[in-house]
Amino acid sequence: MRISLFVLTFVLAAAAGCSSNPSTRSEPVEVSVKVTLPTGSPQNLTVTFNPLDDGLPAAGKVGADGVATLKAIPGKYTFFFAEEANARVPAYKSVPENYRTPNKDNTVTLGTTQASIDVK
């Protein structure tokens, strides 16, 4: 009887620790990211976001209003302005060197609707 009680307790404890609903990643949402450069207009630049948490990479082209609209899973990201896509854009020359490659110091939290990046 003691062994049966022990086995039953063990089985119930193991079952309680197992979840039939594995965690799922959030769905991407549309995020508007306001970009400000030291010299003004970042128009036509492409900004790329790499997730630090559980997310997917995202990118967006900055418009005349300084806003890039993209779909991203809310979370924390590093960001940079990629040279291949931006080398011929005049505003790219005003992007400081440390924002031109992936850099763990350049982070932003993309929320559910808006974020901003102030490049200094």
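Each remark here, short or long, concerns the structure printed above.
Residues numbered from 1 in each chain as written. Predicted model: local features only at pLDDT ≥ 70, side-chain atom pairs only at ≥ 80, totals over all residues. Heavy atoms only, no water.

Participant: Could you clarify how one ought to interpret the overall build of the protein in this entry?
Facilitator: When helices and strands are counted, the protein shows 2 helices and 7 strands. Counting from the amino terminus, helix and strand elements in the protein follow one another as α-β-β-β-β-β-α-β-β. Put simply, of all contacts in the protein between residues at least 6 apart along the chain, 66% involve residues at least 24 apart. When the accessible surface of the protein is totalled, it reaches about 7,800 Å², and 55% of it is carbon and sulfur. (Helix = DSSP H or I, 4+ residues; strand = E, 2+ residues; numbered from the N terminus. Contact = heavy atoms within 4.5 Å. Areas by Shrake-Rupley, 256 points an atom, 1.4 Å probe, with all protein chains shown as cover.)

Participant: I'm lost on the packing of aromatic side chains in this one. Help?
Facilitator: Aromatic ring pairs are defined here through the distance separating the ring centres and the angle between the ring planes. Counting across every chain of the model gives 3 aromatic pairs. Between the aromatic rings of F49 and F79, the centroid separation amounts to 6.4 Å while the plane-to-plane angle is 45°, which identifies the pairing as tilted. Separated by 30 residues along the polypeptide, F49 in strand β2 (residues 46–51) and F79 in strand β5 (residues 75–81) bring together distant segments of the chain. Accessibility expressed as a relative area gives 4% for F79, which makes it buried. (Phe/Tyr/Trp six-rings, centres within 6.5 Å; stacked < 30°, edge-to-face > 60°. Buried < 20%, exposed > 50% of the residue type's maximum accessible area, 1.4 Å probe, protein only.)

Participant: Would you mind going over the pairing of strand β3 (residues 58–61) with me for this structure?
Facilitator: In regular strands, side chains alternate between the two faces of the sheet. Only one face of β3 is buried, namely the one carrying A58 and G60, since none of A59 and K61 on the opposite face is buried. Counting the residues that bridge the hairpin from β2 to β3 gives 6 residues. (Pairing = 2+ DSSP bridges.)

Participant: Explanation requested: the nonpolar core in the structure shown.
Facilitator: Across soluble globular proteins, nonpolar side chains show a tendency to be buried alongside one another. Of all hydrophobic cores here, the largest spans 26 residues; its most connected members are V33, L45, F49, F81 and L110. Elements with a minimum of two residues in this core: β1 (29–36), β2, β4 (67–72), β5, β6 (107–110) and β7 (114–118). Setting aside residues no more than four positions away along its own chain, L45 makes contact with L37, G60, K61, V62, F81, N86, V89, A91, Y92 and V95. (Core = buried A, V, L, I, M, F, W, Y, C linked by side-chain atoms within 4.5 Å.)

Participant: Is there a simple way to explain the sheet that holds β2 in this structure?
Facilitator: The strands that make up a sheet pair up through hydrogen bonds in the backbone, lying either parallel or antiparallel. Taken in spatial order, the 4 strands line up as β3-β2-β5-β6 in an open sheet, and their pairing is antiparallel. Each of the sheet's edge strands pairs with one partner strand only, and the pair in question is β3 and β6. For this sheet, the mean angle separating the axes of adjacent strands, direction not counted, is 35°. (Axes fitted to C-alpha atoms, helices over the stretch in contact; angles between N-to-C directions.)

Participant: For this particular structure, what's the right way to read unusual backbone geometry?
Facilitator: For residues that are not glycine, phi is negative in most cases, and the peptide bond is trans in most cases. A positive phi angle is found at N44, which is not glycine, with a value near 75°. Following the sequence through the fold, N44 ends up in the loop between β1 and β2.

Participant: Looking at this structure, I do not really get the pattern of salt bridges. What am I missing?
Facilitator: Two side chains that carry opposite charge are able to pair once their charged atoms sit near each other. Applying the stated criterion across every chain yields a total of 2 salt bridges. As a salt-bridge pair, R100 and E97 come within 3.7 Å of each other at their nearest N and O atoms. (Salt bridge = Lys/Arg side-chain N within 4 Å of Asp/Glu carboxyl O.)

Participant: I'm lost on the side chain of T48 in this one. Help?
Facilitator: Mapped onto the secondary structure, T48 falls in strand β2. With sequence-adjacent residues up to four places away left out, T48 is seen in contact with A58, A59, T78, F79, F80 and A82.

Participant: How should I be thinking about the environment of S94 in this particular structure?
Facilitator: Examined against the element boundaries, S94 turns out to sit in the loop between α2 (83–86) and β6. For the pair formed by S94 and K120, sequence separation is 26 residues and the distance between their alpha carbons is 9.9 Å. For S94, the residues in contact, after removing those within four places along its chain, are L37, P38 and T39. Side-chain polar atoms of S94 contact the side chain of T39, separated by 3.0 Å. Among the polar contacts made by the side chain of S94, one reaches the main-chain carbonyl oxygen of A91 at a distance of 2.7 Å. (Polar contact = N/O pair within 3.5 Å; in protein donor to acceptor, adjacent residues only side chain to side chain.)

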